[in-house]
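# Examining the three-dimensional arrangement
Residue strings, one per chain:
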Amino acid sequence: MKDSLLNIVNIENAVVERIQLPGADSEINIFIKREDLIHPAISGNKWYKLKYNLIKAKEENRGTLVTFGGAYSNHIYATASAGKAAGFNTVGIIRGEEHLPLNPTLKFAAENGMKLIYVSRAEYRRRYDPDYSDYLRDRFADSFIVPEGGTNPLAVKGASEIINNINIDFDYVCTACGTGGTLAGLVAGLNGKKQAFGFAVLKGAGFLNHNVKNLHLSFPGREYSNWQINLDYHFGGYAKITRELIEFMYEFEKLNGIKLDPVYTGKMMFGITDLVKKKFFKSGQTILAVHTGGLQGIEGMRPKIEKLFPEKQIIRD
Ligand SMILES: *Cc1c(COP(=O)(O)O)cnc(C)c1O
């Protein structure tokens, strides 16, 4: 049973490729790990975060995964797909009101069998409240609750595997940070060696330092100091974008043939490029960026992107 769960994705597809950064010709070596290629719907890092949660839910004979997210959430999208493939019912507690027709993210989730429940922002804020979890467990018999973004100690354990068996030597591993679960996992995987570098995609994300530290105290149960989070590349906040960001992503795709998403990986790659230009890294150093996926989100961002470029349609497929 565990084996069939693990066959949902193909982790062999996550090759490491050398890339170039737009406008930054430098002596830094940059590579990307293509976790976006492990499954068409289960966004790279979200698989690693779900993996041990799914295994635990099966071990406990729970039939229903209940989780939380916004209307464009990569985690909701991934959980609907992974839940279906692993034989779970899925319930998505969605922040805000229902808008019909459903956006592409929620349409996909619903088509994959996820029951969507819309809650007010006030109710959504209770997502970590133990009384609210009890209420959900009463409402959905046999449910296993996965937190927002999938982030919990089991997610950290899963994300630590992203850097198993990397066949290049590197100085830094980089990821975009929402909740910090993936960064915490990468740090756990490094186990005290090299450096991990997170790029916050939310504004005012100083709390992430606290989150990552607390996650480590639960898994693997120790603290690390070889990591940092940069707070300068949020572009105004979560899912906020600028022309500069979108033009950068377009240049990056032209140069490398690799698509980025505007919410997470685009901001991380912009941040890496800017820091390379500012000589933050030393000549000869090697950076490994994790492509955490999230490409499903481009469709939902399209209206915002088109508004920024009234004169042309810059993002093509
Ligand atoms: C969710 C997500 C992240 C952030 O992961 P956290 O573990 O919440 O920090 C990064 N990149 C993509 C594409 C994501 O979907």
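Heads up: the structure comes first, above all this text.
So, here is what we can say about the structure in this document. It should be emphasised that the depicted structure is a prediction, and the values quoted were computed from it without experimental measurement.

What follows concerns the sheet that holds strand β3 (residues 64-69). On the basis of which strands lie adjacent, the open sheet formed by four strands has the order β5-β4-β3-β6 and parallel pairing. The open sheet has two free edges, formed respectively by β5 (114-119) and β6 (143-145), since each of these has just one partner strand. Each neighbouring strand pair of the sheet contributes to a mean axis angle of 25°, computed without reference to strand direction. Bridge count between β3 and β6: three bridges; the pairing is parallel. Following the sheet pairing, threonine 64 is matched in β6 by serine 143. Across the sheet, helix α3 (residues 74-86) is in contact with β3, β4 (89-95) and β5; its angle to β3 comes to roughly 170°. The sheet strands contacting helix α6 (residues 130-139) are β3, β4, β5 and β6, and the helix crosses β6 at an angle near 155°.

Inspection of the region around the ligand gives 15 residues, with Lys46, Lys49, Asn74, Thr179 and Thr292 positioned closest. Glycine 181 is positioned with one of its backbone polar atoms (N or O) 3.3 Å from an oxygen atom of the ligand. Take threonine 182: an N or O atom from its side chain is 2.7 Å from an oxygen atom of the ligand. In isolation the ligand has 390 Å² of accessible area, and contact with the protein removes 98% of it. Put simply, the parts of the chain that give the shell around the ligand at least two residues each are α2 (44-59), β7 (172-177) and α8 (181-190). The element contributing the most residues to the shell around the ligand is α2, with three residues.

A cis amide bond links leucine 100 with the next residue in sequence, proline 101, at an omega value of -5°. With respect to the helices, strands and loops of the structure, proline 101 is situated in the loop between β4 and α4 (104-111). Positive phi values are uncommon outside glycine, yet aspartate 142 reaches one of about 60°. On the secondary structure map, aspartate 142 appears in the loop between α6 and β6. Unusually for a residue other than glycine, alanine 239 sits at a positive phi of about 60°. Within the secondary structure, alanine 239 is located in the loop between β9 (227-230) and α10 (243-256).

Analysis parameters
- Residues numbered from 1 in each chain as written.
- Predicted model: local features only at pLDDT ≥ 70, side-chain atom pairs only at ≥ 80, totals over all residues.
- Heavy atoms only, no water.
- Pairing = 2+ DSSP bridges.
- Helix = DSSP H or I, 4+ residues; strand = E, 2+ residues; numbered from the N terminus.
- Axes fitted to C-alpha atoms, helices over the stretch in contact; angles between N-to-C directions.
- Contact = heavy atoms within 4.5 Å.
- Near = heavy atom within 4 Å.
- Polar contact = N/O pair within 3.5 Å; in protein donor to acceptor, adjacent residues only side chain to side chain.
- Areas by Shrake-Rupley, 256 points an atom, 1.4 Å probe, with all protein chains shown as cover.

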